[in-house]
Amino acid sequence: MRAKDIYVQPGYLFRRMHQLSTAAFGVLKANEPITPVQFAALLTIRDNPGTDATRVASAIRFDRTTIGHVLGRLEAKGLIIRTEGSLDKRTKQLRITAKGSELLDNAGPRVGEVADVLLAPLSNAERAELMRLLRILDDAATQREEAGTKTDTDGA
């Protein structure tokens, strides 16, 4: 393999698209800077009040050992609160704050703009096909994870 060959490898192209996606998501910086992972976690917490870190990690397909750092940043920004679980004091229940809800209300409608920016070079048919193929890959990865096959999803 030669250096130029890397540019046609799926891993390289996925990493590059991830960079572009994260940069495009940066335009959502409403009142508070937030990453795509933080945004997904915040949505999950809002929609599942009292959930815990393990369930958030599972819902957004994120590494369980890293989700604590994500939640810590959300808590430090005042977007969520963590309280002791009623049945298990070691498990922290998560709830969104008014500030977190306001951020989602302001930034949420703009998420579609990120997709429009990323997919702008594609026709509607190409967009639909790309999304169909990405869902196939995501479904297969989810099935492997659920079957116990370890995959690294923390992006490190």
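As a reminder, the structure under discussion sits directly above these lines.
Undergrad: When you look at the packing of aromatic side chains in this model, what are you seeing that I'm missing?
TA: The description of an aromatic ring pair uses the distance of the two centres, along with the angle that the planes make with each other. Scanning the entire structure with this criterion turns up 2 aromatic pairs. Measuring from centroid to centroid gives 5.2 Å for Tyr7 and Tyr12, while their planes differ by 85°, and the two rings are edge-to-face. Looking at Tyr7, the relative accessible area reads 49%, which means it is partly exposed. Relative to Phe39, the ring of Phe25 has its centre 5.5 Å away and its plane inclined at 70°; by these criteria the two rings are edge-to-face.

Undergrad: Quick question: what am I supposed to make of the pattern of salt bridges here?
TA: Between side chains of opposite charge, a pair can form when the charged atoms approach closely. For the coordinates displayed, the defined rule picks out 6 salt bridges. Here Asp116 ties to Arg127 by a salt bridge, and the two come within 3.7 Å at their closest N and O atoms. With Asp116 in helix H6 (residues 111–119) and Arg127 in helix H7 (residues 124–146), this residue pair connects regions lying 11 residues apart in the sequence. A residue is classified by how much of its surface remains accessible, and Asp116, at 45% relative accessible area, is partly exposed. Note on Arg127: relative accessible area 21%, which makes it partly exposed.

Undergrad: Is there a simple way to explain unusual backbone geometry in this structure?
TA: Of note in the backbone geometry, Arg61 takes a positive phi value of approximately 55° without being a glycine. Along the chain, Arg61 falls in the loop between helix H3 (53–59) and helix H4 (64–76). Take Arg61: its relative accessible area is 36%, and that puts it in the partly exposed class.

Conventions adopted
- Residues numbered from 1 in each chain as written.
- Predicted model: local features only at pLDDT ≥ 70, side-chain atom pairs only at ≥ 80, totals over all residues.
- Heavy atoms only, no water.
- Phe/Tyr/Trp six-rings, centres within 6.5 Å; stacked < 30°, edge-to-face > 60°.
- Buried < 20%, exposed > 50% of the residue type's maximum accessible area, 1.4 Å probe, protein only.
- Salt bridge = Lys/Arg side-chain N within 4 Å of Asp/Glu carboxyl O.
- Helix = DSSP H or I, 4+ residues; strand = E, 2+ residues; numbered from the N terminus.

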